Amino acid sequence: MRGLDFSFAGLKTALLYRVRDLGAEEAARRRADLAASYQKAIVESLALRAQRALLETGLERLSVGGGVAANGAVRSRMATLGVELHVPARELCTDNAAMIASAARYVDLLPYPAYLGLEVYATGERMLAAQ
């Protein structure tokens, strides 16, 4: 959906410049405030996009997964969206890379060098791979 993609590159750069501009001593003194502000900005960015997606689709339930779902602030904020929320137990909220790697066990192997030319793209309900 248009307008729901995001990147944290600008936010990371803004924090980097802020820390640099403060200087090492001042940045160290304000570390907790900077971290809390950074987390709040990230959580709000995720929540606003989730809310927009829910409104645009008309869906009334949301699932949050991966490593970010272990974050208490993310869990709390998503709970305020007014929809049925599904979040796994914290011990199951791990990096999605492990889940993706595990899923690869069930895919037919491509010989070298065929897999180097593989293009992967998302189409709605499932991931498709095309050579």
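The structure we're discussing is the one just above.
These lines cover the structure that appears in this document, whether it is placed above or below. Model, not experiment: these values are computed from the prediction.

1. Some points on helix α1 (residues 9–22)
The end-to-end C-alpha separation of α1 is 20 Å, in line with the 20 Å expected for 14 residues at 1.5 Å each. Immediately downstream of α1, the backbone of G23 shows phi near 90 degrees, a positive value.

2. As for the nonpolar core
By size, the foremost hydrophobic cluster in this structure holds 13 residues, and its most contacted members are L62, V64, V74, M78 and L81. At the level of elements, α3 (31–57) and α4 (72–78) are the ones that each hand at least two residues to this core. Here this core takes five residues from α3, the largest share from any one element. Every residue in contact with V64, bar those within four places of it in the chain, is listed here: A69, V74, M78, L85, H86, V87 and P88.

3. Considerations on the side chain of S45
Tracing the backbone shows S45 in helix α3. The exposure class assigned to S45 is buried, which follows from its relative accessible area of 16%.

4. Things to note about the packing of α1 against α3
At a closest axis distance of 11 Å, the pairing of α1 and α3 adopts a crossing angle of 165 degrees. Considered as vectors, α1 and α3 are oriented roughly antiparallel to each other. Between α1 and α3 lies a crossing whose hand is right-handed. Packed against α1, whose contacting residues are L11, K12, L15, R18, V19 and L22, the element α3 presents L34, Y38, A41 and I42 at the interface. Classifying every residue of the contact of α1 with α3 gives eight nonpolar, no polar and two charged.

5. Examining the side chain of R75
Within the secondary structure layout, R75 lies in helix α4. The buried charged residue R75 lacks any salt bridge, with E91 as its nearest oppositely charged partner at 7.3 Å. Residues contacting R75, with those up to four places away along its chain left out, are A69, A70, L85, V87, P88, A89, R90 and C93.

6. Focus on the pattern of salt bridges
A full pass over the atoms with the stated rule returns four salt bridges. The shortest N-O distance in the salt bridge between D21 and R20 comes to 3.4 Å. When its relative accessible area of 56% is taken as the criterion, D21 is described as exposed. For E44, the salt bridge goes to R77, with nearest N and O atoms at 2.9 Å. Here R77 lies in helix α4 and E44 lies in helix α3, a separation of 33 residues in the sequence.

7. A word on α3
If you check α3, its first and last C-alpha atoms are 39 Å apart, about what 27 residues at 1.5 Å a residue would give, namely 39 Å. L34, V43, S45, L46, A47, A50 and L54 are the residues of α3 that are buried. Where α3 is buried, its residues touch α1, α2 (24–29), β1 (61–63) and α4. Two residues or fewer past α3, G58 is found with a positive phi of approximately 80 degrees.

8. Some details on unusual backbone geometry
Put simply, Y112 and P113 share a cis peptide bond, and its omega is 0 degrees. Relative to the assigned elements, P113 resides in the loop between α5 (96–103) and β3 (119–123).

Reading the values: the criteria
- Residues numbered from 1 in each chain as written.
- Predicted model: local features only at pLDDT ≥ 70, side-chain atom pairs only at ≥ 80, totals over all residues.
- Heavy atoms only, no water.
- Helix = DSSP H or I, 4+ residues; strand = E, 2+ residues; numbered from the N terminus.
- Expected span 1.5 Å × (residues − 1).
- Core = buried A, V, L, I, M, F, W, Y, C linked by side-chain atoms within 4.5 Å.
- Buried < 20%, exposed > 50% of the residue type's maximum accessible area, 1.4 Å probe, protein only.
- Contact = heavy atoms within 4.5 Å.
- Axes fitted to C-alpha atoms, helices over the stretch in contact; angles between N-to-C directions.
- Parallel < 35°, antiparallel > 145°, perpendicular 65-115°, else oblique.
- Left-handed = near helix turned anticlockwise from the far one by under 90°.
- Nonpolar A, V, L, I, M, F, W, Y, C, P; charged D, E, K, R; others polar.
- Lys, Arg positive; Asp, Glu negative; His and termini not counted.
- Salt bridge = Lys/Arg side-chain N within 4 Å of Asp/Glu carboxyl O.

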